[in-house]
Amino acid sequence: MPEAPVVLHAQGVSRRYAKGVMALSPVDLTVREGEFVTLLGPSGCGKTTLLRLMSGLDVPTTGTLTRAVDEDDLSYVFQDATLMPWASVRTNVRLPVDLTRGSGKRSAADAAQAVATALERVGLSDFADAFPRELSGGMRMRVSIARALVTAPRLLLMDEPFGALDDITRQHLDDELLALARKHRLTVVFVTHNVFEAVYLSTRVVVMSARPGRIVEDVNNDAPMRDAAFRGSPDFAMRAARLQAALLKGQQPGGQQPGALSAAGIGDTQP
Ligand SMILES: Nc1ncnc2c1ncn2[C@@H]1O[C@H](COP(=O)(O)OP(=O)(O)OP(=O)(O)O)[C@@H](O)[C@H]1O
Ligand SMILES: [Mg+2]
């Protein structure tokens, strides 16, 4: 089978913030169409930093990042829900449609339908007229996911979208997300620090070290079925244990490559 087209390609991409904080060591990473790639790593290792670079919200300090999908075909789910507090759920979800409607792609009726469908997908049809302050934190996060889905993006960048949710809701949304990704052949880059969620969702898991983040392992996760039986299987537990071990390796000082912690280390810390 020929390889799917490249959607994202990072080469030697690093990020140093003002005051010299080295957030990301040079990273090489290629994401292909239809992949569900999870960035897994401890808090502060540069996951959000890398995702923002992929989205174009931020620019790398070194290296090059190319993306074969334009802005209208990309959605970003922020780690916090970031809703407009003065606007209803419906208006919040419709925002990206309004922003792209200039291209004449959608009528008002189409837009309303897209909003209704997106809200249904996250189980919030009854809250279209509510305001963000009237929702729980988890519900606000679901609104933010609906807002990302409403434009039917080809590339979805998601920063710990389900981190604040209870397990049952999280598992439900995991299943919804997988179904959507398959149906629309979405390419997804998903951030989490939860090994179980990574195993359940991903076709591939990129394990990152403690700050400054670098890739410690790039693990293929082509499991056949994603369902309750998979969650409870020895295969699932083994995959999770393997990721946990990789995470631990990236936490230990011995797991760091020489120079990874020093400012002079830029450029000589390839994964
Ligand atoms: N705008 C900024 N200015 C300065 N330093 C920053 C900025 N954003 C992030 N950092 C630093 O860069 C490092 C990586 O941050 P980042 O937000 O990418 O981590 P993360 O892996 O997403 O963590 P978490 O899992 O807690 O969300 C952290 O040490 C953080 O303090
Ligand atoms: Mg983050």
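Residues numbered from 1 in each chain as written. Chains lettered and ligands numbered in written order. Predicted model: local features only at pLDDT ≥ 70, side-chain atom pairs only at ≥ 80, totals over all residues.

### Some words on helix 4 (residues 137-149)
In this model, helix 4 (13 residues) spans 19 Å end to end at C-alpha, consistent with the 18 Å of a helix rising 1.5 Å per residue. Extensive coverage of helix 4 is indicated by the burial of eleven of its 13 residues. Looking at the buried residues of helix 4, the elements they touch are strand 5 (74-77), helix 2 (89-100), helix 3 (108-121), strand 6 (155-159) and helix 5 (167-183). (Helix = DSSP H or I, 4+ residues; strand = E, 2+ residues; numbered from the N terminus. Expected span 1.5 Å × (residues − 1). Buried ≥ 20, exposed ≤ 12 C-beta atoms within 10 Å, placed from the backbone. Contact = placed C-beta atoms within 7 Å.)

### Topic: the sheet that holds strand 4 (residues 62-67)
Strands sit in the order 2-1-4 across an open sheet of three strands; the sheet is antiparallel. Each edge of the open sheet is held by one strand with a lone partner, namely strand 2 (22-32) and strand 4. The sheet shows a mean angle of 15 degrees between the axes of neighbouring strands, direction not considered. Note: strand 1 (residues 6-16) against strand 4, five bridges, orientation antiparallel. Bridge assignment links His9 to a residue of strand 4, and that residue is Thr66. (Pairing = 2+ DSSP bridges. Axes fitted to C-alpha atoms, helices over the stretch in contact; angles between N-to-C directions.)

### Quick notes on the domain arrangement of the chain
One widely used convention gives an interface's size as the accessible area the parts lose upon coming together. Assigned domains of the chain: these are domain 1 (1-69 + 154-271) and domain 2 (82-153). Here the side of domain 1 that touches domain 2 takes three residues from helix 5, the largest share from any one element. (Domains from an automatic or database assignment.)

### As for unusual backbone geometry
At the junction of Arg211 and Pro212, the peptide bond is cis and its omega measures out at -5 degrees in the coordinates. When you line up the elements, Pro212 lands in the loop between strand 8 (204-208) and strand 9 (215-220). A positive phi angle is found at Lys19, which is not glycine, with a value near 70 degrees. A tally of 5 C-beta atoms within 10 Å means that Lys19 is categorised as exposed. The phi torsion at Arg185 lies on the positive side, around 45 degrees, for a residue other than glycine. Of note, Arg185 is situated in the loop between helix 5 and strand 7 (187-192).

### Digging into the sheet that holds strand 3 (residues 36-40)
Each strand in a sheet pairs with another by means of backbone hydrogen bonds, the pair being arranged parallel or else antiparallel. In space, the six strands of this open sheet follow the order 5-6-7-3-8-9, with mixed pairing throughout. Each end of this open sheet is capped by a strand with a single partner; those strands are strand 5 and strand 9. Taking each pair of neighbouring strands and ignoring which way they run, the sheet shows an average axis angle of 15 degrees. Examined bridge by bridge, strand 8 and strand 9 share five bridges and lie antiparallel to one another. In the sheet register, Val207 faces strand 9, and the bridge partner there is Glu217.

### Topic: the environment of Arg140
As for its position among the elements, Arg140 is in helix 4. Since 21 C-beta atoms lie within 10 Å of it, Arg140 is described here as buried. Separated by 59 residues in the primary sequence, Arg140 and Ala81 place their C-alpha atoms 6.0 Å from one another. Apart from residues lying up to four places away in sequence, Arg140 is in contact with Ala81, Leu83, Pro132 and Leu135.

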